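One-letter residues, chain by chain:
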Amino acid sequence: QVQLEESGGGLVQTGGSLRLSCTASGRIVSVDVMGWYRQTPGNQRELVAVIRPNGMTEYADSVKGRFSISRDNPRTRRNTVYLQMDSLKPEDSALYYCYLNQRGFASWGQGTQVTVSS
């Protein structure tokens, strides 16, 4: 099993910044992709940003230029990803979930709440 531990959510004013972290542990053999999704009540979970072992990234259009995903140096063997969120907007408020896909199997964190006040 894979466990994902998230941290860094909270309450921030419009225009502020937050940094989310997620560390994976357990049976980590070969990570295909790791990153963040978010969900608001009544809506489907949506991709925010993901990163692959080769460093390639993918972002939702709504966060491009404001959010940045990164990871620990692979040499450290720490499976940790970070999401730096700048210029936050009220519409960024959501429950943010860490996501890891390993050989077709998806694992999810419990979620960390991000609230942006106007």
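One structure accompanies this document, and this report is about it. (Residues numbered from 1 in each chain as written. Predicted model: local features only at pLDDT ≥ 70, side-chain atom pairs only at ≥ 80, totals over all residues. Heavy atoms only, no water.)

Let's shift gears to the sheet that holds strand E8 (residues 80-85). With antiparallel pairing, the four strands of this open sheet are ordered in space as E1-E3-E8-E7. Only two strands of the sheet have a single neighbouring strand rather than two, namely strand E1 (2-7) and strand E7 (67-71). Sheet twist, expressed as the mean angle between neighbouring strand axes with direction ignored, is 15°. Judged from the five bridges that link them, E7 and E8 form a sheet pairing that is antiparallel. Residue pairing for E8: Ser70 is matched across the bridge by Tyr82. (Pairing = 2+ DSSP bridges. Helix = DSSP H or I, 4+ residues; strand = E, 2+ residues; numbered from the N terminus. Axes fitted to C-alpha atoms, helices over the stretch in contact; angles between N-to-C directions.)

The subject of this paragraph is the state of the cysteines. This structure, assessed with the given rule, holds one disulfide. Here Cys22 is linked by a disulfide to Cys98, with a sulfur-sulfur distance of 1.9 Å. Here the S-S torsion is close to -85°, and the disulfide linking Cys22 with Cys98 is therefore left-handed. Here Cys22 is found in strand E3 (residues 18-26), whereas its partner Cys98 is found in strand E9 (residues 94-102), with 76 residues between them in sequence. By the burial criterion, Cys22 is buried, and Cys98 matches it. (Disulfide = S-S within 2.5 Å. Buried < 20%, exposed > 50% of the residue type's maximum accessible area, 1.4 Å probe, protein only.)

A word on the side chain of Thr112. Residue placement: Thr112 occurs in strand E11 (residues 112-117). Looking at Thr112, its side chain comes within polar contact range of the main-chain nitrogen of Gly9, at 3.2 Å. Not counting the four nearest positions on each side in its chain, Thr112 is found in contact with Glu6, Gly8, Gly9, Leu20, Trp36, Ala94, Leu95 and Tyr96. (Polar contact = N/O pair within 3.5 Å; in protein donor to acceptor, adjacent residues only side chain to side chain. Contact = heavy atoms within 4.5 Å.)

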